[in-house]
Amino acid sequence: MDLHNPDFITDDDSWDNSSAEFEQRFHLGSEMTSLSRSASSEKYEILDNLHVKFNLSKMRRCLKFLKISVLFIFVVVCSILFGIYPDQRVSWQMLAVSPLESFSMNLTDFHDSALLKLDIGGPFAADVADEQTQEYILVQVSQTEETGSRRRRQQQVVYNWSLPLSSRRNHQIITTRTFQIPNRGTIFLNIQAFLQQPGSVPLSMKHQYLHANIEAQVTIASIILVGVYVLIILEVSRVLCCNFIFRPSMVKVVEWIDYETLALLFGMMVLVAIFSETGFFDYCAVKAYRFSRGKVWAMITLLCLIAAILSAFLDNVTTMLLFTPVTIRLCEVLNLDPRHVLIAEVIFTNIGGAATAVGDPPNVIIVSKQELRRQGLDFAAFTGHMFIGICLVVLVSFPFLGLLYWNKKLYNKEPSEIVELKHEIYVWRLTAQRINPASREETAVKCLLMQKVLTLEMLLRKKLRTFHKQISQEDKNWETNIQELQKKHRITDKILLIKCLTVLGCVILMFFINSFVPGVYLDLGWIAILGAIWLLVLADIHDFEMILSRVEWATLLFFAALFVLMEALAHLHLIDYIGEQTALLIKVVPEDQRLAVAIILVLWVSALASSVIDNIPFTATMIPVLLNLSKDPDVNLPLKPLIFSLAMGACLGGNGTLIGASANVVCAGIAEQHGYGFSFMEFFR
């Protein structure tokens with residue numbers, strides 16, 4: 001300050017004013033310094049975040065490149081192996097045997113093979129009870145060793161295989177057995193018939209040599225199964241089926257596909273696609289919300305209970321095909337996340353399917369066995385026992401489901417105004433961060449922008465509090481919401497709805513008739529296909545491509561690949577190995593604890609096995625194992641508790657993984673088509 005300046009005023013007021021102005025300038029300078037420091041710190045934070053994100057994206061790109069490279073090399077190696085080894089197309093050999101004339105064959109071309117796989121087709125007994133007949137076919141595998149002299153030793157029988165004959169000689173059944181070939185000597189195959197009356201029995205036979213023993217096949221099958229699950233968990237591919245022990249022909253692979261299930265899925269998908277044009281699913285969603293009086297958990301409980309009841313009388317796949325679109329539309333109307341509700345529904349669908357003899361395919365297989373029917377396990381007895389147990393399971397599952405979902409954010413979708421407000425806050429904050437406070441005007445502008453951001457954040461918090469109050473489980477304004485939803489979601493085509501309900505009712509009625517009336521020769525696949533054709537004709541659909549676009553082709557292809565994988569694992573003796581090891585463990589247990597251990601072991605082995613492999617071939621394999629256990633005098637176990645344990649484990653084990661049950665895959669496919677797909681790990685958790 002210039003002291004000789006004549007304009008200098010020493011008045012107290014003037015001094016106070018000048019000091020106040022100086023203080024304001026000092027505060028402004030300190031604010032500018034703090035703003036510049038905050039701007040620089042924010043800039044460094046942004047740079048650090050960008051650096052971390054760049055490193056993460058670089059790591060993801062490296063992992064993706066590594067994953068693609070490994071899969072490509074694996075596929076190339078598989079292709080080379082498939083090109084080197086030819087198809088093992090073994091032709092069937094027709095023959096006829098009688099008590100007076102047998103069939104003999106010299107097996108000298110086995111080289112270094114370890115196993116002999118023999119397939120024989122003929123009028124054999126399908127049930128265990130028919131094996132008590134006096135007529136049978138005897139298959140003998142004998143060995144002849146050469147000595148140093150010119151004479152040969154007498155043939156020594158290594159294996160005996162008895163095949164009881166059925167009274168219906170026009171009924172053909174193919175049976176398969178694998179024999180371990182001795183290391184040395186000449187192998188002979190002899191087939192002879194033992195009949196009560198003179199005559200001959202026509203047979204068909206083929207044999208195949210395998211280069212690996214059963215233990216090696218089971219090990220490779222386990223590695224393949226683990227590899228498939230790793231690929232599914234990584235969401236690389238839903239299924240990958242490889243087989244290095246033998247290369248089946250393309251015709252054989254196609255025969256492994258269960259076309260009845262695929263036809264059922266395709267027909268019901270077409271029915272549901274036409275059904276969705278009526279607006280019926282939206283209407284049902286609003287009615288369910290009204291019946292639950294606006295309480296979300298009451299609505300979820302109601303949906304799960306209805307799904308369990310329907311799946312007890314319908315197929316699980318059919319139930320989820322009908323229920324999944326309704327649930328998704330209901331969750332969209334109520335602003336809910338459909339994934340949690342769908343997972344809960346499909347769990348209770350698998351639970352309800354175990355209650356009756358027609359609710360799940362393993363139960364159908366069990367009731368269809370004549371030997372089990374003679375033991376008292378008919379439709380009524382089986383359903384009576386299983387229904388009580390499943391009711392107890394449902395009573396435990398509902399509170400446990402609430403315990404699992406108590407901290408889940410079912411309302412994770414926000415209204416459009418909140419989404420727009422968040423976007424506006426993001427834009428204002430980004431604009432403020434881009435301003436460099438080099439001058440006082442720029443600093444003031446940045447302060448105004450930051451104040452704007454703070455104001456909007458306060459408004460956002462207020463709206464979120466209001467939003468969470470509005471979507472609480474006991475919504476007090478549910479009557480107003482119901483009126484608004486009823487105006488918006490109505491039946492759009494009543495005539496088409498009547499046609500759809502008529503055809504769907506006929507299809508469901510035919511499902512029941514097929515289960516109870518023995519004179520109907522249409523399986524479930526044909527019924528669904530014919531129902532789809534009926535509805536296409538009645539609805540006068542011209543744009544058939546639009547209907548086909550709604551079919552879950554990815555789900556159908558996945559099921560076809562899954563059937564091939566399960567048949568490959570069965571041919572590698574993985575399922576037989578599980579059943580045999582289970583029987584051996586039961587025999588080791590002391591007699592006073594054997595029944596309890598057998599029930600627990602069969603239950604949990606069935607559940608764990610059914611969660612990773614298809615429960616249909618596993619059930620078909622375990623039934624003869626349990627029958628032999630019940631007939632073994634050294635074991636002395638009743639049959640019914642073991643069968644009920646098998647049914648419980650095989651049906652409820654489908655809840656273990658996403659591919660453990662067909663209903664899980666169907667539900668996931670439809671949800672993914674609607675934009676709410678859930679991964680393998682989400683369902684597994």
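Please refer to the structure placed before this passage.
Quantities reported herein were computed from a predicted structural model and do not represent experimental measurements. (Residues numbered from 1 in each chain as written. Predicted model: local features only at pLDDT ≥ 70, side-chain atom pairs only at ≥ 80, totals over all residues. Heavy atoms only, no water.)

So, about helix α18 (residues 553–571). Taking 1.5 Å per residue, 19 residues should reach 27 Å; α18 reaches 27 Å between its end C-alpha atoms and fits that length. Three or more residues of α18 are buried, namely T555, L556, F558, F559, A560, L562, F563, V564, L565, M566, A568 and L569. Where α18 terminates, the next one or two residues include H573, which has phi positive at roughly 65°. (Helix = DSSP H or I, 4+ residues; strand = E, 2+ residues; numbered from the N terminus. Expected span 1.5 Å × (residues − 1). Buried < 20%, exposed > 50% of the residue type's maximum accessible area, 1.4 Å probe, protein only.)

The next subject is the pairing of strand β2 (residues 103–107). Side chains F103, M105 and L107 project from β2 onto a buried face, and the interleaved S104 and N106 project onto a face without burial. For β2 and strand β7 (residues 186–194), the ladder comprises five bridges, and the chain directions are antiparallel. Among the inter-strand pairings, N106 is bridged to a residue of β7, identified as F188. (Pairing = 2+ DSSP bridges.)

Our next topic: the nonpolar core. Counting residues in each nonpolar core, the largest one holds 128 residues, and the members touching the most others are M268, I274, L321, L626 and F678. If we skip the residues at most four places from it in the chain, L626 touches V602, L639, L642, I643 and L646. Residues W161, L189, L195 and V201 belong to the second largest nonpolar core, which totals 26 residues. (Core = buried A, V, L, I, M, F, W, Y, C linked by side-chain atoms within 4.5 Å. Contact = heavy atoms within 4.5 Å.)

This part is about the packing of aromatic side chains. Where two aromatic rings form a pair, the distance of their centres and the angle of their planes describe that pair. Overall, the coordinates contain eight aromatic pairs when judged by the stated rule. An angle of 25° between the planes, with centres 4.5 Å apart, marks the rings of F348 and F398 as stacked. In this pair, F348 sits in helix α8 (residues 338–353) while F398 sits in helix α11 (residues 379–404), placing the two residues 50 residues apart along the sequence. F348 gets classed as buried once you look at its relative accessible area, which sits at 1%. Ring centres of F678 and F683 lie 6.4 Å apart, and the angle between their planes is 20°; this geometry places the pair in the stacked category. Overall, the relative accessible area of 7% leaves F678 in the buried class. In this structure an aromatic cluster arises from ring pairing among Y159, W161 and F179. (Phe/Tyr/Trp six-rings, centres within 6.5 Å; stacked < 30°, edge-to-face > 60°.)

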